[in-house]
Amino acid sequence: ISLNAEFGEKYKIYTESIEQGLKEPCFSVLCVNPTNILFRGKKYFRKNLMCIQYFPCGTFADDEGEVIGKYQECMDVIERMYDCLEIINVGTDPQRGTSMHGEIVDGVLNFFVNYDMFVCKIEDTTNMENLDVKTDVKGDE
């Protein structure tokens, strides 16, 4: 939602792996290393490392009509991503992104951001009404 709000409809956003038919410019968003660590009781700490890949369209003219290449396009996009991905909404709660950094490899921007949060698990169970227990100790008369 944050990427779409910042970049608009002309940038396709994929959330599954892309085999064929990639339409550039586009984004691919994947959670690459989720962890779930018991903190206390039913409270867990979840680490969500997100990798957002940006596939530039190549040489094109920017808003001022200046022709830019893939590297410059990736550098422009990374600056916009720092702003739009700093705080996202998870449900109705704002979540801050941490450890943001980008790498440009073979003309593709790989942008990494962590969204870490605490999660409380709620069990949907009903309690037993009454339990009668009768015990005898062996040898007790």
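The structure we're discussing is the one just above.
## Some details on the overall build of the chain
When you go through the chain residue by residue, the secondary structure sums to two helices and 12 strands. Whereas a compact globule of 141 residues would reach a radius of gyration of roughly 14 Å, the chain reaches 25 Å, over 25% beyond that. Along the longest, intermediate and shortest principal axes, the C-alpha atoms of the chain span 100 × 30 × 25 Å. By the burial criterion, 28% of the 141 residues in the chain qualify as buried. The contacts in the chain between residues at least 6 apart in sequence include a share of 49% that link residues at least 24 apart. Just so you have it, the chain exposes about 10,600 Å², and 49% of that area is on carbon and sulfur atoms. Positive and negative side-chain charges in the chain, numbering 14 and 25 respectively, have mean positions lying 7 Å apart.

## Overview of the pattern of salt bridges
Pairing is possible between side chains that carry opposite charge, provided their charged atoms lie close to one another. Considering all chains together, one arrives at two salt bridges under this definition. A salt bridge links E6 to R80; the nearest nitrogen and oxygen atoms lie 2.9 Å apart. In this pair, E6 sits in helix α1 (residues 2–7) while R80 sits in helix α2 (residues 70–84), placing the two residues 74 residues apart along the sequence. For R80, a relative accessible area of 31% puts it in the partly exposed group. Among the salt bridges present, the one from E86 reaches R96, with a minimum N-O distance of 2.9 Å. With E86 in the loop between α2 and β8 (87–90) and R96 in strand β9 (residues 93–96), this pair connects stretches of sequence that are 10 residues apart. For E86, a relative accessible area of 34% gives the class partly exposed. Relative accessible area serves as the criterion here: at 46%, R96 is assigned to the partly exposed category.

## Concerning the environment of E86
Each C-alpha atom, one on E86 and one on Q20, is 31 Å from the other, the two residues being 66 residues apart in sequence. Those residues in contact with E86 that lie beyond four places of it in its chain are M81, Q95, R96, G97 and M100.

## What to know about the packing of aromatic side chains
Any pair of aromatic rings gets described here by the distance separating the centres and the angle formed by the planes. Within this structure, the stated rule accounts for eight aromatic pairs. With centroids separated by 5.0 Å and ring planes inclined at 55 degrees, the aromatic side chains of F45 and F118 adopt a geometry described as tilted. Taken together, the residues F45 in strand β4 (residues 43–47) and F118 in strand β12 (residues 117–120) connect sequence positions 73 residues apart. Among the residues examined, F45 registers a relative accessible area of 22% and is labelled partly exposed. Take F118: its relative accessible area is 44%, and that puts it in the partly exposed class. Here a set of aromatic residues connected by ring pairs shows up, and it is made of F7, Y11, F27 and Y54. Looking at K12, its charged tip hangs above the ring of Y14, at a distance of 5.5 Å from the centre. Across from the ring centre of F118, 4.7 Å away, lies the NZ or CZ of K43, which sits over that ring.

What counts, and at which threshold
- Residues numbered from 1 in each chain as written.
- Predicted model: local features only at pLDDT ≥ 70, side-chain atom pairs only at ≥ 80, totals over all residues.
- Heavy atoms only, no water.
- Helix = DSSP H or I, 4+ residues; strand = E, 2+ residues; numbered from the N terminus.
- Rg over C-alpha atoms; globule rule 2.2 N^0.38 Å.
- Buried < 20%, exposed > 50% of the residue type's maximum accessible area, 1.4 Å probe, protein only.
- Contact = heavy atoms within 4.5 Å.
- Areas by Shrake-Rupley, 256 points an atom, 1.4 Å probe, with all protein chains shown as cover.
- Lys, Arg positive; Asp, Glu negative; His and termini not counted.
- Charge placed at Lys NZ, Arg CZ, Asp CG, Glu CD.
- Salt bridge = Lys/Arg side-chain N within 4 Å of Asp/Glu carboxyl O.
- Phe/Tyr/Trp six-rings, centres within 6.5 Å; stacked < 30°, edge-to-face > 60°.
- Lys NZ or Arg CZ within 6 Å of the ring centre and 35° of its normal.

Function cannot be read off these values alone, since they describe shape.
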